[in-house]
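Observations on the three-dimensional arrangement
If you want the building blocks of each chain, they are given just below.
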Amino acid sequence: NETKDLVLSYRDAVFSFEFAALHFNIPEKNQYAYMMEGFNKEWVHSGSRQYAEYTNLEPGDYVFKVKAANCDGVWNSTEKSINIRIKPPFWMTWWFQVSAVLFLLAAAWGLHLWRVKKIKQRSEMLEKQVRERTHEIREQKDIIETKNNQIMGSIRYAERIQSAILPLDRRLEKILPYYFVIFKPKDIVSGDFYWVNKIGGKVFFAVVDCTGHGVPGAFMSMIGNTLFNQIINENKIFEPARILQNLNLG
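A brief look at the structure comes next. (Residues numbered from 1 in each chain as written. Predicted model: local features only at pLDDT ≥ 70, side-chain atom pairs only at ≥ 80, totals over all residues. Heavy atoms only, no water.)

**Remarks on a nonpolar patch on the surface**
- A cluster of nonpolar side chains, Tyr10, Phe90, Trp91, Met92, Trp94, Trp95, Val98, Val101, Leu102 and Leu105, forms an exposed patch at the surface whose accessible area comes to about 1100 Å².
- Here tryptophan 91 is to be found in the loop between strand 7 (80-87) and helix 1 (94-124). (Patch = residues over 30% accessible without salt bridge, like charges linked within 9 Å, V, L, I, M, F, W, Y side chains within 5 Å. Areas by Shrake-Rupley, 256 points an atom, 1.4 Å probe, with all protein chains shown as cover. Salt bridge = Lys/Arg side-chain N within 4 Å of Asp/Glu carboxyl O. Helix = DSSP H or I, 4+ residues; strand = E, 2+ residues; numbered from the N terminus.)

Here is the structure:
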């Protein structure tokens, strides 16, 4: 009653069914018969045995049927059934066979292309000098690209370092419950940064654009962040004018 269809793999070489007739007058005298359409040509009468086992069925579609009789030998008029599909191995599927044919065709075409390629290689000998010069240009291009990648890698690493000095979101949420940050530096690394801290009952924050762009600006932002920590956190200077004065001197 739970399912009408069952799909098995060809690897499921052995499987069995258990069944029971719900007639309880003298249940040990209930009789059973089953049949696997597509395999059994007629009903198999198993007596009181309540299971059927099959081994090594060929891939394909089957219907397993079972019926029962009570102790008086009265068989139920409608047998129970379940559809079974045993999936074939991949080498027996149509797509594999089609793929094999296509592979053979591709191999034949590849052989043809190989012969054409050998003919072209003879003519390419005349273009050897051009290829050598092209190779030199490519080597120079690769050197430039390698250096550029190294420089960009260093800048990206500097970006991670610079980002590490910015206040964490959880710290901002703790100090300034209602806030938002718009941070769009011009370059990968730049002189833009922000600084926040809370000392006693006072909240100090700065939004800074240092002089310079790129790596020089990034150096300035690192120095500026360090100076804010020294001036406010260590030296306990809290007046904005004095903070800026000490920052300028630093």
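**Describing the pairing of strand 9 (residues 202-209)**
- Strand direction decides the pairing type here: strand 8 (residues 192-199) and strand 9, joined by eight bridges, are antiparallel. Paired with asparagine 197 across the bridge in strand 9 is phenylalanine 204.
- Here strand 8 hands over to strand 9 after two residues, with glycine 200 in that stretch at a positive phi of 65 degrees. (Pairing = 2+ DSSP bridges.)

**Let's talk about the packing of aromatic side chains**
- Using the criterion set out here, one finds 14 aromatic pairs in the structure.
- On the numbers, 5.8 Å between centres and 85 degrees between planes, the contact of phenylalanine 39 with tyrosine 54 is edge-to-face. Here the residue phenylalanine 39 occupies a position in the loop between strand 3 (31-37) and strand 4 (44-47), and tyrosine 54 occupies one in strand 5 (residues 51-55), the gap between them amounting to 15 residues.
- Taking relative accessible area as the criterion, tyrosine 54 reaches 4% and is therefore assigned buried.
- Judged by centre distance (6.2 Å) and plane angle (85 degrees), the ring pair of tyrosine 54 and phenylalanine 64 falls under edge-to-face. Placement of tyrosine 54 in strand 5 and of phenylalanine 64 in strand 6 (residues 60-69) is noted, with a sequence separation of ten residues between them.
- A network of ring pairs unites the aromatic residues Phe15, Phe17, Phe19, Tyr32, Tyr34, Phe39, Tyr54 and Phe64 as a single cluster.
- Positioned above the aromatic ring of tryptophan 43, the side-chain terminus of lysine 67 is 4.4 Å from the ring centre.
- Here lysine 67 stacks its cationic end above the ring of tryptophan 75, 5.4 Å away from the centre of that ring. (Phe/Tyr/Trp six-rings, centres within 6.5 Å; stacked < 30°, edge-to-face > 60°. Buried < 20%, exposed > 50% of the residue type's maximum accessible area, 1.4 Å probe, protein only. Lys NZ or Arg CZ within 6 Å of the ring centre and 35° of its normal.)

**Some words on the pairing of strand 4**
- Sheet topology note: the strand 3/strand 4 ladder contains three bridges and is antiparallel. From the neighbouring strand, tyrosine 34 faces strand 4, where its bridge partner is valine 44.
- Remark: six residues form the turn of the hairpin made by strand 3 and strand 4, two consecutive strands paired antiparallel; glycine 38 in that turn has positive phi of roughly 100 degrees.

**Observations concerning the environment of glycine 217**
- Along the chain, glycine 217 falls in helix 4 (residues 214-234).
- Taking the C-alpha atoms as reference points, glycine 217 and serine 190, separated by 27 residues in sequence, lie 4.8 Å from one another.
- Excluding anything up to four places from it in sequence, glycine 217 contacts Ser190, Gly191, Cys210, Thr211 and Gly212. (Contact = heavy atoms within 4.5 Å.)

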